[in-house]
Every structure is written in structure tokens, then in C-alpha cells.
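# Close look at the chain arrangement
Below are the chains, spelled out letter by letter.
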Amino acid sequence: MSEFDGAAFVRFLRTFADRIHERRDELTRLDSAIGDADHGINLDRGFSAVRAKLDGLDATDLGATAKAVGMTLISTVGGASGPLYGTFFLRLATAFGDTQAADAQGLGTALRAGLEGVVQRGKAALDDKTMVDALGPAVDAYEAAAGDGISAALEAAATAAAVGRDRITPLVARKGRASYLGERAAGHQDPGATSTTILFESLRDAVAES
Ligand code: ADP
Ligand code: MG
């Protein structure tokens, strides 16, 4: 695929919503170890609402679709992850504007803007043991491979997200609820880094389908 268009975006959103639903209990179990046992429930609520919105949506403009997703997440998901993922999609919306198809570079620019929004909003740095530890490396890897096209860049991004997710498992958390646990958070996989990895795997697979 040389361009990311509205159909690919919708395919990605449906894939991600399906996988979050399938893995809701796993995400919630991870959050029960170092949080308040609601991450899977939060995201499943949000992406079920996104799925319901997609049916009535004219998904031609990438920015309009991303904006609808962001607003839906912010209004339906409680907890840290709702505003964070909401901000991610709102920043994608601003970056895409009214464009109907992004090339490899354009999708990279949007993903970078999404990451910057999450960092501004949540103030997490690398190694704080949050979703940023999957998102940051994924965007870096995407950009490094963007010259090889969207599919290759998303393949690299999904791999980097998973590596980031696993890399921080031994760490102590410095942001979010898990940070209240001190040393006890060490050795537990972060729920948000896990859902962010699912996001990039969904993006990779939805694009590969076309
Ligand atoms: P809550 O912690 O409010 O219950 P969730 O359980 O839905 O929200 O999400 C928890 C996840 O959110 C964590 O695993 C972590 O990855 C992410 N997170 C928490 N705080 C931050 C932050 N300040 N910046 C980035 N990600 C964060
Ligand atoms: Mg939680």
C-alpha cells in the first residue's frame, strides 16, 4: 500500500476495536496487578462507542475520522487512558487535516504529532513505564523505515512497540497509578504499553489487508 486512506483507517479502527474487545480481560488483568483493574474495560467501552460511530460516519477525510475517534474516547473513557488516547487521535486529526490519503511520510508526521500530544498531556518520559515506552519507539521505528513504504514502516513500528512493552516490564513506574506501588510494580507488564502495541499491530494488519 502506498497511501493510507479512509478505508484503511476504518479497517484499522474496526480491527483495533475487535482486538481490544477480545483481549479486554487480559488488559484488565494486567491493570489489576499494578493499577485498578479497569484498563480493558475502559478501552473496550471507548472503542465500542467508536465502532458505533463508524457506521454513520463519512470516513473520507482522515482528519474528520480521527477527530470523531478522539472526541468519542474523551467522552466515554474514564481513567488516564481515555484522555491520553483521545489526545493521540485529536493530534492525528490536526496533522491529517482534510486530506483523504496520507503517504508514508504523512502518516509518520501524524503519528509523531500523536506521540507529542500524549507526552504533553501525560508528561511521561521514556522509562516511566507507560504507554509512551511503546508509542515512542514505535514512532521512531516508523520514521526510520518510512522510506521503504507504509507497510514496511508499520511492520517496524509494531515490532518496536512490542519490544518497548517488554523492555519496561522489570522497571518501577514513575507515572500513573502504578507509580504508587513503588518497587512492587517491577516485574509486571504495563497495561497501557500493551494496548498501544495492539494498536500498532492492528494498524499493520489493517494496512496489510488492502
Ligand atoms: P487509570 O490508570 O486511570 O485507571 P487505565 O487503567 O485505563 O487508567 O490506563 C492505565 C495505563 O495508562 C497505564 O498502564 C499507563 O500505560 C498509562 N498511563 C498512566 N498514566 C500515564 C501518563 N501520565 N502518561 C502516559 N501514559 C500513562
Ligand atoms: Mg486502570
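What you see is a predicted model, and the numbers here were worked out from it, not measured in a lab.

## Here's the deal with the side chain of T28
Tracing the chain through its elements places T28 in helix α2 (residues 24-34). Exposure remark for T28: the relative accessible area of 14% places this residue in the buried category. If we skip the residues at most four places from it in the chain, T28 touches A37, D38, H39, G40 and I41.

## Looking at the environment of E143
Inspection of the secondary structure puts E143 in helix α7 (residues 132-145). Separated by 36 residues in the primary sequence, E143 and L107 place their C-alpha atoms 9.4 Å from one another.

## Overview of helix α5 (residues 81-96)
With 16 residues, α5 ought to run about 22 Å at 1.5 Å a step, and its terminal C-alpha atoms sit 22 Å apart, in line with that. Positive phi shows up at G97, right after α5, with a value of about 60°.

## Some points on the packing of aromatic side chains
This model, assessed by the stated rule, comprises 9 aromatic pairs. On the basis of an interplanar angle of 75° and a centroid distance of 4.7 Å, the ring pair of F16 and F47 is categorised as edge-to-face. Here F16 is found in helix α1 (residues 6-22), whereas its partner F47 is found in helix α3 (residues 39-55), with 31 residues between them in sequence. No difference in accessibility class separates F16 from F47, as the two residues are buried. Aromatic pair F88 and F89: ring centres 5.3 Å apart, planes at 90°, arrangement edge-to-face. Assigned by exposure class, F88 and F89 land together as buried. Taken together through their ring pairs, the aromatic side chains of F4, F9, F12, F16, F47, F88, F89 and F96 make up a single cluster.

Reading the values: rules and limits
Residues numbered from 1 in each chain as written. Chains lettered and ligands numbered in written order. Predicted model: local features only at pLDDT ≥ 70, side-chain atom pairs only at ≥ 80, totals over all residues. Heavy atoms only, no water. Helix = DSSP H or I, 4+ residues; strand = E, 2+ residues; numbered from the N terminus. Buried < 20%, exposed > 50% of the residue type's maximum accessible area, 1.4 Å probe, protein only. Contact = heavy atoms within 4.5 Å. Expected span 1.5 Å × (residues − 1). Phe/Tyr/Trp six-rings, centres within 6.5 Å; stacked < 30°, edge-to-face > 60°.

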